[in-house]
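# Report on the structure
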Amino acid sequence: MKTRRDFIKQGGIAAAAVAAAGIFNPADAMTGLIVPQGATEMPDEDSVRELMMAAITTAKGLGASYSDVRIGRYRNSIVFTREQQIVQTADTDSVGAGIRALVDGTWGFGATKILTKDGVAAAAREAVAIAKANRVARDQPVQLAPVQAYPNATWKSDFKIDPFTIPIEQRADLLLKANAEALKVKGVRFVNSGIFFVKEDRNFASTEGSVISQTIVRTAIPFAITAVSADFSDFQTRTNVVTPAGRGWEYVLEQDLVGNAPKWAEEAVQKLGAKSVEVGRYDLVLHPSHLWLTIHESIAHPTELDRAMGYEANYAGTSFVAPPDKVLGKLRYGPDFMNIQGDRSQPGACATIGYDDEGVKPEDFMIIKNGIVNDYQTTREQANWLKWWYDKNGRPTRSHGCSNADNWSSVQFQRMPNVSLLPGTKEQSWEDIIAATDRGIGIVGDGSFSIDQQRYNAQFGGQVFYEIKGGKIVGMLKDVAYQMRTPDFWNSMDMIGGKKSYQFGSAFNDGKGQPGQSNAVSHGCVPSRFRNINVINTGRKA
């Protein structure tokens, strides 16, 4: 363990080093760290409840038909290293209140860092005033789907060890030891690693009677190893080796960074000697560590209802899965055995929560059922847009619990839940699917991608690529990317793994909205095979 003096000597303050490391892109590296200056400390439980009651009582008294308030503490802590240097540390802590008011069918929002009764009442007055001002631009009045009241609800995410109790020196020491092990592998020249913790203490109350308290913890462990050829003509990187999770320090320890670093380093070196892929059509066997991102981009984003309705286009565009009355129960997304579930309930997943930011207890729901589009991601406001569909199918009109705000100062809106490809009925593994494949490419890990603004045409790379011949892996490939049209791609899927092969992949910083907000989300999936997919060579020069 290093002393604090040694730690300070090695510490850096250059944020640019994080971006240069390639661990996150520049926007991702600091997402969640540029936060509004909040109150200096979180009030006690009784005081929080009193403040929330003062806020919604004020809004109600000024004419709001509905109001809710969130008082929260949002914390981030990072340490990033490169080889045997600490290149960045940062800790942020923000406390405040956000209040929504619904007046004459129109929303208003106000926020404050002044956590006194006068302070939250002033924010409530601002929310009501903004709602009244927004009335002139209203199309249809907002109608909220019914929700059960939870007057004394609590929840916490699936963590055993609070990561904020772990000294930053201990976190850095672990990373530097892992870096050292990776650097022992011949050919490895650079190692970048980090640990990123998030902790949110969220409190919610509404005029409908809910009072909810929750604690959410998330962990990300970015790790990138770069190998350089002896003649400096090529370099290859192995990254994205550990997926983020809604867990604590115990998750970091379970990854055995020191023990696994040499294996990841060897993969980076092996990529240097890999054969450049021949363009053509191949059967693709996609590992869950890769497939999660394809699900995220080609299924999860286009089934956000606000995108499908044309109300949202920031970051990920609108959607080809539209309009709802033309695709629900009609559009074939994939084969009969393809079932895509939306939920916020899977333990350890990044979007898992007890109650959303409208006080809704989320439910598990089928977005795609037996290959057919069956539902969208919704909030209380959006659920009524699909009332005709729910009535037709004998289902209640209720929110799926997809409302979220990334801070007390941000207004909540529809955000992605965990969206997952459910396992097949037959128990088969990654190895089993490879054994059943005559000519193909196996892809492990997520990489770069490009997708159009309707989520219809896309191209995906990866981390590690294996050539498959006669049911066996015969070597490593590089420069691989596949092209797809979303419905054609998913309808080409002919094999999926069983329950034992189910794994998560996660995004720690998924952007949406204007002003932009960040959300964390996981996608469970199983190894899957896709037939006759077009593969291009990304290393070819004109």
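Structural data are supplied above this passage.
Residues numbered from 1 in each chain as written. Predicted model: local features only at pLDDT ≥ 70, side-chain atom pairs only at ≥ 80, totals over all residues. Heavy atoms only, no water.

## Observations concerning the packing of aromatic side chains
Counting across every chain of the model gives 17 aromatic pairs. Pairing Tyr311 with Trp385 gives two aromatic rings, centres 5.1 Å apart and planes at 45 degrees, and the pair type is tilted. Of this pair, Tyr311 sits in the loop between helix H10 (305-308) and helix H11 (324-327) while Trp385 sits in the loop between helix H12 (380-383) and helix H13 (387-392); the two residues are 74 residues apart in sequence, bridging distant segments of the chain. On the basis of relative accessibility, which here comes to 57%, the residue Tyr311 falls in the exposed class. Seen in terms of ring centroids, Trp490 and Phe530 are 5.4 Å apart; in terms of plane orientation they differ by 80 degrees. Their pairing is edge-to-face. With a gap of 40 residues between them, Trp490 in helix H15 (residues 486-491) and Phe530 in strand S24 (residues 528-537) connect regions that are remote in the sequence. You'll find Trp490 and Phe530 in the same group, each marked buried. Within the aromatic cluster, the residues linked to one another by ring pairs are Phe449, Phe460, Tyr482, Phe489, Trp490 and Phe530. The positively charged end of Lys156 is found above the aromatic ring belonging to Phe159, 4.2 Å away from the centroid. Sitting above the plane of the Tyr282 ring, Arg439 keeps its charged end 4.2 Å from the centroid. (Phe/Tyr/Trp six-rings, centres within 6.5 Å; stacked < 30°, edge-to-face > 60°. Helix = DSSP H or I, 4+ residues; strand = E, 2+ residues; numbered from the N terminus. Buried < 20%, exposed > 50% of the residue type's maximum accessible area, 1.4 Å probe, protein only. Lys NZ or Arg CZ within 6 Å of the ring centre and 35° of its normal.)

## Describing the pattern of salt bridges
A side chain of one charge can pair with a side chain of the opposite charge if their charged atoms are brought near each other. All told, the structure shown has 31 salt bridges when counted by the stated rule. Glu358 is paired through a salt bridge with Arg100; the nearest N and O atoms lie 3.1 Å apart. Here Glu358, found in the loop between strand S11 (340-343) and strand S12 (365-369), pairs with Arg100, found in strand S2 (residues 85-103); they are 258 residues apart in sequence, far enough to count as distant. Exposure remark for Glu358: the relative accessible area of 5% places this residue in the buried category. Note on Arg100: relative accessible area 5%, which makes it buried. Its salt-bridge partner being Arg247, residue Glu250 comes within 3.6 Å of it at the nearest N-O pair. Given the relative accessible area of 7%, Glu250 is considered buried. Each of Glu200, Arg202, Arg218 and Asp357 takes part in one network of salt bridges that share partners. (Salt bridge = Lys/Arg side-chain N within 4 Å of Asp/Glu carboxyl O.)

## Some words on helix H8 (residues 257-272)
Look at H8: 23 Å from first C-alpha to last across 16 residues, which is about the 22 Å you get at 1.5 Å a residue. Within H8, burial applies to Leu257, Ala261, Trp264, Ala265, Glu267, Ala268, Lys271 and Leu272. The buried residues of H8 all sit within an arc of 155 degrees when viewed along its axis, so they share a single face. (Expected span 1.5 Å × (residues − 1). Arc of directions from axis to C-beta.)

## Focus on the side chain of Ser229
Turning to its location among the elements, Ser229 is positioned in the loop between strand S7 (223-228) and strand S8 (235-239). Once residues within four sequence positions are removed from consideration, Ser229 is found in contact with Asp234 and Leu272. (Contact = heavy atoms within 4.5 Å.)

## Observations regarding helix H5 (residues 117-134)
For H5, built from 18 residues, the straight-helix expectation of 26 Å at 1.5 Å per residue is met to within 8% by its first-to-last C-alpha distance of 26 Å. Along H5, the positions that sit buried rather than exposed are Gly119, Val120, Ala121, Ala123, Ala124, Ala127, Val128 and Ala131. Here the buried face of H5 lies against helix H4 (45-61), S2 and strand S3 (106-112).

## Points about the environment of Ser528
Mapped onto the fold, Ser528 is located in strand S24. With a relative accessible area of 0%, Ser528 lands in the buried category. Residue contacts for Ser528: discarding those within four places in its chain leaves Leu284, Val285, Leu286, Leu291, Leu421, Ile433, Met493, Met495 and Ile496. At a separation of 3.0 Å, a polar atom in the side chain of Ser528 contacts the main-chain carbonyl oxygen of Val526. (Polar contact = N/O pair within 3.5 Å; in protein donor to acceptor, adjacent residues only side chain to side chain.)

## Describing the environment of Glu126
Take Glu126: it is sitting in helix H5. The contacts of Glu126, once residues within four sequence positions are left out, are Gly110 and Ala111.

## Focus: the sheet that holds strand S13 (residues 372-373)
The sheet built from 4 strands is open, its strands ordered S13-S12-S11-S16 with antiparallel pairing. This sheet does not close on itself; its edge strands, each paired only once, are S13 and strand S16 (418-421). Strand direction decides the pairing type here: S11 and S12, joined by 3 bridges, are antiparallel. Bridging across to S12, Gln341 finds its partner in Met366. Docked against the sheet, helix H9 (residues 288-300) engages S11, S12 and S16, running at close to 115 degrees with respect to S16. (Pairing = 2+ DSSP bridges. Axes fitted to C-alpha atoms, helices over the stretch in contact; angles between N-to-C directions.)

## Here we look at the nonpolar core
In terms of nonpolar packing, the biggest core is built from 53 residues, with Ile299, Tyr333, Met338, Leu421, Ile441, Tyr482 and Trp490 touching the most fellow members. Counting residues per element, this core draws most heavily on H9, at 6 residues. With sequence-adjacent residues up to four places away left out, Met338 is seen in contact with Ile299, Tyr333, Ile368, Lys369, Asn370, Gly371, Leu421, Trp490 and Met493. In this structure, Leu176, Val185, Phe197 and Tyr251 belong to the second largest nonpolar core, which totals 32 residues. (Core = buried A, V, L, I, M, F, W, Y, C linked by side-chain atoms within 4.5 Å.)

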